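# Structural overview
Given next are the chains, with one letter for each unit.
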Amino acid sequence: MSAGAGPKAPQTPAGGGAGGGAGAAPASQDASDDAPAAAAGGQETAGAVVLGRGGASAFVAPALGLVGVFLIFPALWTLYLGLTNARLTGLAAAEPQFVGLSNFVRALTDPLFRNSLKVTAIFVVGSAVVGQTGLGFLLAWSLRGWRGPVRSAIEVLVILAWIIPGSVVAFLWIALLDGRSGTLNTLIPGDGGIEWLLRYPMASIIVFNTWRGAAFSMLLFGAALASLPPSHLETARLAGASAWQQLRDVILPSIRGHILTALLLISLWTFNLFTPYLLTRGGPNFQTEVLPIYIYRVAISSGQLGYGAAISAIMLAINLVVALVYLNVLKDKT
Amino acid sequence: MSNSIRHLLAVVSVVGMSLAAACGGGGSEQGEQDGEQAAATDGPVTITIAENAVRGGKNDYTAQWLIDYAIPTFTEQMAADGRDVTVKLVESGIDDEDYKSRLALDLSAGEGADVIGFDGFWLSEFVTAGYLKPLTEVVGPVIDDWEGWEQIPEAVAGSLVVDDQRYGIPVGTDGRVLFFRKDVFADAGLPEDWQPTSWDEIIEAARTIKEADPDVTPLQINAGTSMGEATTLQGFVPILLGTGAELYDQAWLGDTPQMLEAVGFFQTIYDEGLADPQLQLRADGRDRSFQDFSTGRIAILIESDYLWRSVINPGEGLFPIENRDEVVGFTKIPAREPGAGIRGQDFVSASGGTARVLNPNTDYPQEAWEFLSFLGSEEALTEFVQGEPRITAREDVNASEAVASDPILSFIAEEVLPITWYRPGFEEYPQVSEALQRMVENVVAGRSDVPTAAAEYEATISGIVGAENVIQE
């Protein structure tokens, strides 16, 4: 968030934050004064009784203020911008005109936008759902019985891939995949000289993102597997269940909630991911132009802010739908 | 991962902010500056200058010159007047398109450096957006008294003028030529004083080189969107001019026979393997082509004198060639056949102009102007061309020993500039240019044939400039 606010951040956000903080301080003072009384009065109703409607609102207000300033306002602003022909430079930068829904109509008829949707879908399914979640689970599953330095070493390596800054990682991968003197071509015998990023662009960024993000789901699934009561597995084993049957009938149903949470978070992250740009710039021939790159290209590189905002609004809507679907499934099944 | 989300948010919020500034801002700031004449400020002053130049990288020499010479000299001159002025350089070493986007975002948000390195052909769109203001408005009528205006030819100064108002000081101009590796030519049995007079002779030479050494890519003529403006100005335009057509002549050139001819030339050389399509698609294709030329893996390429002085310069270059003067030759770009070029010319070229402008949001317009005019002074530019000769906007500096005695600059000044073509300074130009890059890329990458690509191009630019402003056949 801080990076997003950029150099202009100090103006409105700081004012809002300071105001919210000042407002919250007395409320928390009251709460702590009353806390002993609540404890004496009875545990079960503590919060509601002491805070009351006003106190609770005061607690929530700063958070709501921040959400409003940083989330709701930009979203509405994006929607408004999407209805104009605003540009980065030229006359349409000084005096943007209201153009109704024509940006949205244009998006739906733009073959490059449809291409971008398709590319994004492949990228999310390939690198988030199958790649990161799958590899993360595989790692957690394989490591569950292990202890000691080998396990720690593997975990540290996987987590390193996750925490190194994106630009550094991109540089390493470009060096790895380079056609002329790349590490991968050097490792492959013969004089291959394959330009991986040009010949297999989509596969490259899927493998890249899988490698990069498997740590999160590994950690999440590792914790989930550790929390399984050993007696369940023991019982299954005594009943003669094979490893596959244990996985399917005992483990997966027990950690269903974890799987859905991991899928929700990872697919949303991946959907919004800009890092492939650092490897391929969306090319060649738009084969890796996922939606964030498409938006960057039309809004910033080509300067079509209005059109870019319209696509951003569409993307926001897709995000919301995906999140709602996951949350519904999560609610039903746990 | 969170990194990338942040990146996205940054893009979104920057877009939002820039619009907020473009729509809502402006008004009050303008009011403040209208009435008052900018005056020298008492007390310490810090001004900044932004250039797409970075020490050890792109335009290394410009960055070094600013840090080692221009900034200290200017600061001392100010100190001699009893004024405490500090100048800071904001370095960038990025693609020109990205640099332009950065400037547009900075200026739209009311931010940015006080003095800005600029490309002349961006002026029109920045002025109509309200990002730049006339110098007389930012600084005052005092700018008309500057001694330099008399030294800058009308045509060159005109590149920084909109509606009779000056927006900045032109720095230099350039010209496109064919560069070739004499050593590779010698190996292939070609003459070292090569001067092709038609496209066929270029293609012949390329075939000979390919035969002599299949590992060498004979030709590099920029042809993709990832090369950006380089594809337009030192790729497509010199070829198009060789057919007798111009990109803009009363209206924008659409899907005409000359357009097809020019695109057809690209198809010929790329289909035959005389040039490398993969290189055009790479994100770092342009740098890679420079590197290949410096190692002799590319034999012939079209570039401006920028290649000579900044890229393969034995001292400061990005990809230096130690014995540059012996192994690199340069020659004029021929038209399709003698007399077939624009204005009936045998040879063609294209030129652009660099400049510096003032940020209207500057807190210290007086000091910023003094620094800007110092950078354009005879003293400063003469010092600049000592280390890296180039054709400047000033006639007195161009007459100096350093420029006049440089082989390529005198060649460009005498042979190329008289036949060159300048980019049209229209607001729509950059969008048309992008459409053009896509057309060439589609053909080079084998995605569409020549007629389809040209028809697509015409449809695209009709959407940008209006069908009534497109020359159709």
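Residues numbered from 1 in each chain as written. Chains lettered and ligands numbered in written order. Predicted model: local features only at pLDDT ≥ 70, side-chain atom pairs only at ≥ 80, totals over all residues. Heavy atoms only, no water.

## What about the overall build of chain A?
What counts here: Secondary structure follows DSSP: runs of H or I at least 4 residues long count as helices, runs of E at least 2 residues long count as strands, and numbering of each begins at the N terminus. Residue contacts are defined here by distance: any two heavy atoms, one from each residue, within 4.5 Å place the two residues in contact. Here the open area of atoms and residues is found with the Shrake-Rupley method and a 1.4 Å probe, where only the protein chains shown may cover a residue.
Across its full length, chain A holds 17 helices and zero strands. Long-range pairs, those at least 24 residues apart, make up 67% of the contacts in chain A between residues at least 6 apart in sequence. In the structure as shown, chain A presents an accessible area of about 17100 Å², 70% of it carried by carbon and sulfur atoms.

## Topic: the sheet that holds strand E10 (residues 251-253) of chain B
All names here are of chain B. Rules: At least two bridges found by DSSP between two strands are what make those strands a pair.
One open sheet holds the three strands; their spatial order is E9-E10-E17, and the pairing between them is mixed. In the strand order of this sheet, the two ends are held by strand E9 (248-249) and strand E17 (470-471), each with one partner. Sheet topology note: the E9/E10 ladder contains two bridges and is antiparallel. Bridging from a neighbouring strand, Asp249 pairs with Ala251 of E10.

## With respect to the packing of helix H6 (residues 111-143) of chain A against helix H11 (residues 201-226) of chain A
Residues and elements named next belong to chain A. Inclusion rule: Angular values range over 0 to 180 degrees, each being the angle between N-to-C directions of two axes fitted as lines to C-alpha atoms, with helices fitted over their stretch in contact. For this classification, under 35 degrees means roughly parallel, over 145 means roughly antiparallel, 65 to 115 means roughly perpendicular, and everything else is oblique. The crossing is said to be left-handed when, going from far helix to near helix, the turn is anticlockwise and less than a right angle, and right-handed when the turn is clockwise. Under this grouping Gly is polar, as are all residues other than the nonpolar Ala, Val, Leu, Ile, Met, Phe, Trp, Tyr, Cys and Pro and the charged Asp, Glu, Lys and Arg.
Following both chains from N to C, one finds H6 and H11 inclined at 40 degrees, their axes separated by 6 Å at the closest point. Judged by the angle between their axes, H6 and H11 are oblique. Viewed along their axes, H6 and H11 form a crossing whose handedness is right-handed. Here the residues of the contact of H6 with H11 are counted per class, giving 16 nonpolar, eleven polar and no charged.

## Digging into the packing of aromatic side chains
Stated formally: Only centres within 6.5 Å qualify two rings of Phe, Tyr or Trp (six-membered ring in Trp) as a pair; their planes then separate them into stacked at under 30 degrees, edge-to-face at over 60, and tilted for everything else. Any Lys NZ or Arg CZ found within 6 Å of a ring centre and within 35 degrees of that ring's normal is scored as a charge over the ring.
Taken as a whole and judged by the stated rule, the model has 43 aromatic pairs over all chains. Both rings, one in Trp77(A) and one in Tyr80(A), keep their centres 5.4 Å apart while their planes meet at 50 degrees; by these two values the pair is tilted. Here Trp77(A) and its partner Tyr80(A) are both found in helix H3 (residues 46-81), three residues apart, which amounts to about one turn of the helix. Seen from their ring centres, Phe216(A) and Trp269(A) are 4.9 Å apart, and the 70 degrees between their planes marks the pair as edge-to-face. Separated by 53 residues along the polypeptide, Phe216(A) in helix H11 and Trp269(A) in helix H14 (residues 256-271) bring together distant segments of the chain. Clustering of aromatic rings is evident, with ring pairs tying together Tyr61(B), Trp65(B), Tyr69(B), Phe74(B), Phe371(B), Phe374(B) and Phe384(B). The cationic tip of Arg166(B) hangs over the ring face of Trp149(B); the distance from NZ or CZ to the ring centre is 3.8 Å.

## With respect to unusual backbone geometry
Backbone geometry follows two general trends: most residues other than glycine have a negative phi, and most peptide bonds adopt the trans configuration. Residues and elements named next belong to chain B. The test is simple: Exposure classes here rest on a 1.4 Å probe applied to the protein chains alone. A residue is buried below 20% of its type maximum, exposed above 50%, and partly exposed in between.
Positive phi outside glycine occurs at Asp164, with the angle close to 65 degrees. Of note, Asp164 is situated in the loop between strand E4 (161-162) and strand E5 (165-166). Asp164 gets classed as exposed once you look at its relative accessible area, which sits at 77%. Positioned with a positive phi, Gln250 is a non-glycine residue whose angle comes to about 70 degrees. Summarising the element assignment, Gln250 is placed in the loop between E9 and E10.

## Considerations on the domain arrangement of chain B
Residues and elements named next belong to chain B. Quick reminder of the rule: The split of the chain into domains comes from an automatic or database domain assignment. Buried area is a sum: the accessible area each of two parts loses on coming together, probed at 1.4 Å, counted once for each and added. Here, a salt bridge means any Lys or Arg side-chain nitrogen found within 4 Å of an Asp or Glu carboxyl oxygen. Here a polar contact is recorded for every N or O atom pair within 3.5 Å, except that within protein the pair must consist of a potential hydrogen donor and a potential acceptor, and residues adjacent in sequence are included only if both atoms are side-chain atoms.
Partitioning chain B into structural domains gives domain 1 (3-174 + 352-422) and domain 2 (176-351 + 426-471). Taken over C-alpha atoms, the centre of domain 1 sits 29 Å from the centre of domain 2. Regarding the contact of domain 1 and domain 2, the summed buried area is about 2800 Å², with carbon and sulfur atoms giving 58% of it. A per-residue breakdown of the area domain 1 buries against domain 2 is headed by Ile408, Ile419 and Trp421, which together make up 28% of the total. At the junction of domain 1 with domain 2, the criterion picks out three salt bridges. Glu388 is the salt-bridge partner of Arg309, the closest N and O atoms lying 3.8 Å from each other. The tally of links between domain 1 and domain 2 comes to 13 residue pairs in polar contact (both at pLDDT 80 or more). For the side of domain 1 that touches domain 2, the secondary-structure elements that each account for two or more residues are helix H3 (60-80), helix H4 (96-108), helix H5 (123-128), helix H20 (407-416) and strand E16 (420-422). Ranked by the residues each element gives to the side of domain 1 that touches domain 2, the list is headed by H20, at seven residues. Residue classes in the side of domain 1 that touches domain 2 are distributed as 13 nonpolar, seven polar and nine charged.

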